[in-house]
Structures are given as C-alpha cells and as structure tokens.
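Spelled out from the first residue to the last, the chains are:
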Amino acid sequence: MQESGKRARGRGTSGKAGSPRAESIKETPKAPSGPRILVVSPEIVPLAKTGGLGDVAGSLPLALAALGCDVRVAMPLYKAVKVPSKPVAELEVPLGRALFEVAREERDGRVQENYKVVYPGKDVSARAVIREAVLGGRIPAYLVDNPPFYDRDQLYGYPDDVARFGFFSRTVLEMLDRIGWVPDVIHCNDWQSAMVPTYLRLFYKPSGRFSGVGTVFTIHNMEYQGNFDRSAIDILGLGWELFTMEGVEFWGQVSMMKAGILYSDMVNTVSEGYSREIQTPDFGGRMDGVLRAASGKLRGIVNGIDYDFWDPARDTALESRFNARSSGSRTANKAALQKELGLKQDPDAFLLGFIGRLSAQKGLDILVPAVQDLLCMGCQLAVLGTGDDYYMKQLSQVAGSDPERLSVMLRFDDRMARRIYAGTDAFLMPSRYEPCGLGQMICGRYGSVPIVRRTGGLADTVRDAILYGDGTGFLFEDYTSDALTEAVRKAGEVFRDRERWTAIKVQGMEKDFSWKASAARYLELYKETMARARGK
Ligand code: ADP
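Quantities reported herein were computed from a predicted structural model and do not represent experimental measurements. (Residues numbered from 1 in each chain as written. Predicted model: local features only at pLDDT ≥ 70, side-chain atom pairs only at ≥ 80, totals over all residues. Heavy atoms only, no water.)

All told, the structure shown has 38 salt bridges when counted by the stated rule. Of the charged contacts, one joins Asp-311 and Arg-445 as a salt bridge, the two residues approaching to 3.4 Å between their closest N and O atoms. Of the two residues, Asp-311 sits in the loop between strand E14 (298-300) and helix H9 (330-341) while Arg-445 sits in helix H13 (residues 439-445), which places them 134 residues apart along the sequence. Take Asp-311 and Arg-445: they sit in the same class, and that class is buried. Two residues, Glu-493 and Arg-489, come together in a salt bridge whose shortest N-O distance is 2.6 Å. With a gap of 4 residues between them, Glu-493 and Arg-489 both fall in helix H15 (residues 481-496), about one helical turn apart. Among the residues examined, Glu-493 registers a relative accessible area of 44% and is labelled partly exposed. (Salt bridge = Lys/Arg side-chain N within 4 Å of Asp/Glu carboxyl O. Helix = DSSP H or I, 4+ residues; strand = E, 2+ residues; numbered from the N terminus. Buried < 20%, exposed > 50% of the residue type's maximum accessible area, 1.4 Å probe, protein only.)

In structure tokens:
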C-alpha cells in the first residue's frame, strides 16, 4: 500500500523541528479583523519539520496574523511534537469501509511490522482527541491525537499513510463544530491534507454543512502525490464511481493529490515558474494534463522565509552575529566552520556549502561526480544532508577522500545548517527541479552567495551576477556536472575580486525574501477563494 514509485515526503528523520525561534513575534497582537484561515499541514515549524514545507507552514501563519487574519493551524500530533498542549475536544471520526491491521512480529530480536487491509463488513471509525497548543504567542494550533496513527518515529513513509492522512483530514472537518470556529478558507498543503477539500465537497457541502467554506490546495512538490492502490477508495470511504479518469483514479491508483486539485476551489504552487513548469510533461509528474485542465484556478506564489527564524544578527548558533552592514564579521564564522569540520584553516579558500534532502531532485546526480573536480580546483566543500540510501552511500564513498577540503555530514542538524549558511562563501543548489527552494533565500540572507541551476523557484529568486550589476548569485542551465563545475569556476574567479564579491553578497543580503509580499498575495488568493466558494 506504500506510495508506488513516488516515495512519501520526508527525509527519514524524527521530523523534529530545529530551533524554537518561531516562538518569537514582535508585532503587538491586535484583534484579528481579516478572514478566518485554517492552515492544514502535515508539518509545521516549530512543531515538526522534514523540509521546506514545515518552514512555510510555520511562517506563513505568523505573516497572515500580522496582516490581520484570524489564522489557526492543524497538524497530526506526532511523537516528535514537544510543545505543551491541552485537550479541547474528543470525537469519534468516521473512516471508510476498510482498515489496516498491523501485526508486530519479533524475529531475530528485531520487531517487524506487517500491514494488511481488512474489510470488517461495516463502516469503521476511530477516536481522536484534539489538543490545542499556541504558536508564536497567538496562533492556536490544533493537534490531532490518535497514538496508533501518529505516535511513531517518522512523520511519513508508512504503508498505512493513506489511512493516517485520510483520518487526519476527516478529523479536521469534524472538529470545526466542536471547537466552535468555522474558517472562511481552509488552506491545505500537499497530499496529506488533500482529502480535506475532497471530503468537504463530497460529504459536507451537499447537505449544506460548511457551505460557505472555501478551500485552497498548495502543491509544494509534484513528486509527492500520495498515490495508493485502489483499496484506498474503501479505506478513505469514497464511492467507487470516483474511480475514473475524471475522478480520483490516476494510472490505476488512487491519487490524493489529484483529489486535492479536483475538489479545491483554488490551487497554487510555490513559485510562478514552477506553476508554469508543472503544466508540462517534463515537470508535471504525469499530472500535467490534470493541471492544465485546472489552469483557470491555478496560481503561483513564491514562498518567503521567516526573518525572525532566519536572522544572522540574532542567531545563537553562530560564532559571530552579523548583518548586511557588518558582513565582514562573517570571517569568524568561516574560520569556526573550517575548524569544527576539520577543514584547512584558510581564509582565502573558496568554501562551498550544500544542505538538503539527499534525493534526485536536489541534484545529487550531478553534484557527487563533480566533487573531485571542485576539490581539485582548490574549493572546500561542506555537505549536510540525509535522505536516500543511494546518495548517502555515494557521499560516504567520497567523504574521507580529502579531509582538509571536504566534510560530509549525513544527518539532519539545524545548528550545523545555520553555521554552514553563515560560514560558507557560496551555497550550491544544483537541483534537477525546484518548486521554490528555501536554501537559496536563507543562504542569501546569511551572506553565502547562491550558485544554482536555472529552474523553477531558483530561477525566480536568484539574479545572475554575471549578467546584471545588481545580481545576487550564479546560475547555470544544463543539468550536468560540467555545467555545475563551470559555474563554480566562474564564481571562484569573481570571489578573488573581493570588492565585486562583497557587492554581490551584500545585494543578496539586502534582498527582501520576508513573507510580507507573499503573505499579501495569499490574502488576495483567499479573497478570490471566498468569492468562488460563496458563488457556488
Ligand atoms: P525541500 O525540498 O526539502 O523542502 P527547501 O530548500 O525548500 O527544500 O527547504 C529545505 C529546508 O530544510 C531548509 O530550511 C534547510 O535548511 C533545511 N534542511 C534540509 N536538509 C537539512 C539537514 N540535513 N539539516 C538541517 N536542515 C536541513
């Protein structure tokens, strides 16, 4: 029942969100007068994170609250969640006609779990407790507690994910009456919450329940579609008449993402570039036709980053804190990073960083073969990442080859990530494709100049310093190791011209990637959604 071919999102970490900085918010709280928005996401910083989705779902609500929205969030209560919360409701939530049975067997001292779909011959339901926490001092967070589903080491990647997230989505709708707060718009993120608009449209609106509630579905990455075998129809409690090309059937499977696209009032993705790309066969993950058919309600809004959470002037993980005006004091961070990683203490070495999920998307296929060339060119390289075994193995093979120049850390480590952003000269993002990408914005703010492939959100957010006087980084076209190496070589030449390099670095640091502009665009999208929902 595992997602076939496409792995569930997540890098196989505990999913614990890094630093607790999101708890800070400076604006004085005022009573919200704007629309009521419920952001539903399978990961939200600081509660849980495996990637950029967690950052976005944590910081967008704070920015919306600053714009006057009455914003609340919902997420499953995973084992990794460590914030205090109190129970506010307990409810019995309908599931489908089938469920998973999990049998735990001990073999050779190892516990093995076997999952099988069973049909009890009647509708099934399960109990959920809704617990409430508070984020950023003012955002209510509803945590869906069902220990058999969510009290596990990982966030995703289990054979019964279809049931776990179907249940989560259904519970979110069922809890609204119980918490006495009905949103104007439910903003769902990725396939794990895609059943919210689906259930709303199919099970609630026909009887007039929540009839004025609009839905937005945000696609953060086309690769993670939530496709499951056809028994998902029974597990999710859908009618078999939906198992058609016009419905939720997708290449013989059931696709949660397709359902989200079909049944939401509005759909968006995380950059304008990516919203165009995903309507083509090269980037659409076989969903391009579905997206072209939905193009009238499809938008692109680039992500921002939380400027409180990512602030080199206040980041306690750094050796030395700095801002655009004092970027010279980055040198202490570079020296400290070289020391900590065992790299040669050389202020003139061109120190590169890479942080990310180790997956084909992130360009490991061209990065790994380029490593030796980069080291031969005299660069130093710090790699921090975790993910696919294949790339973990490839990186561990090159890891020890040149300890004075190369450091490979195969783990998830928020503190180290911050030290790399602050201590490297340039930051590599050779992505095969990139819906938005946060790394290039974070490194820019921390004064590490991005060297990126011209795709999706990277192309939208990095301005070419070779072509433009107000450039902020370096871009290359071809998805090849040679193109990457050549881009680093060109950047390395510019690096030796200290004045020009400083100008590029400072231009990047001064660029505004805060949520301000993007949150305003989300507010417009919500207003359009409300108009559509009410007009229907
Ligand atoms: P993704 O496709 O994974 O969402 P993004 O660039 O949008 O990629 O966001 C990645 C986020 O996860 C950034 O905040 C980055 O710093 C963080 N990150 C990725 N890998 C690691 C790691 N191994 N350790 C710490 N932080 C990481």
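What follows is about the site of the ligand. Close contacts around the ligand come from 23 residues, with Gly-52, Asp-55, Arg-357, Lys-362 and Tyr-421 the closest. Contact distances for the ligand include 3.1 Å between an oxygen atom and a side-chain N or O atom of Lys-49. Between the ligand and the protein, one listed contact pairs an oxygen atom with a side-chain N or O atom of Asp-55 at 2.8 Å. Protein coverage of the free-state accessible area of the ligand, which is 570 Å², stands at 95%. At the level of secondary structure, the elements contributing two or more residues to the shell around the ligand comprise helix H1 (52-66), strand E15 (351-358), strand E16 (380-387), helix H12 (414-423) and H13. In the shell around the ligand, the residues fall into 8 nonpolar, 6 polar and 9 charged. (Near = heavy atom within 4 Å. Polar contact = N/O pair within 3.5 Å; in protein donor to acceptor, adjacent residues only side chain to side chain. Areas by Shrake-Rupley, 256 points an atom, 1.4 Å probe, with all protein chains shown as cover. Nonpolar A, V, L, I, M, F, W, Y, C, P; charged D, E, K, R; others polar.)

So, to be careful, I would describe these as geometric facts and stop short of saying anything about function.
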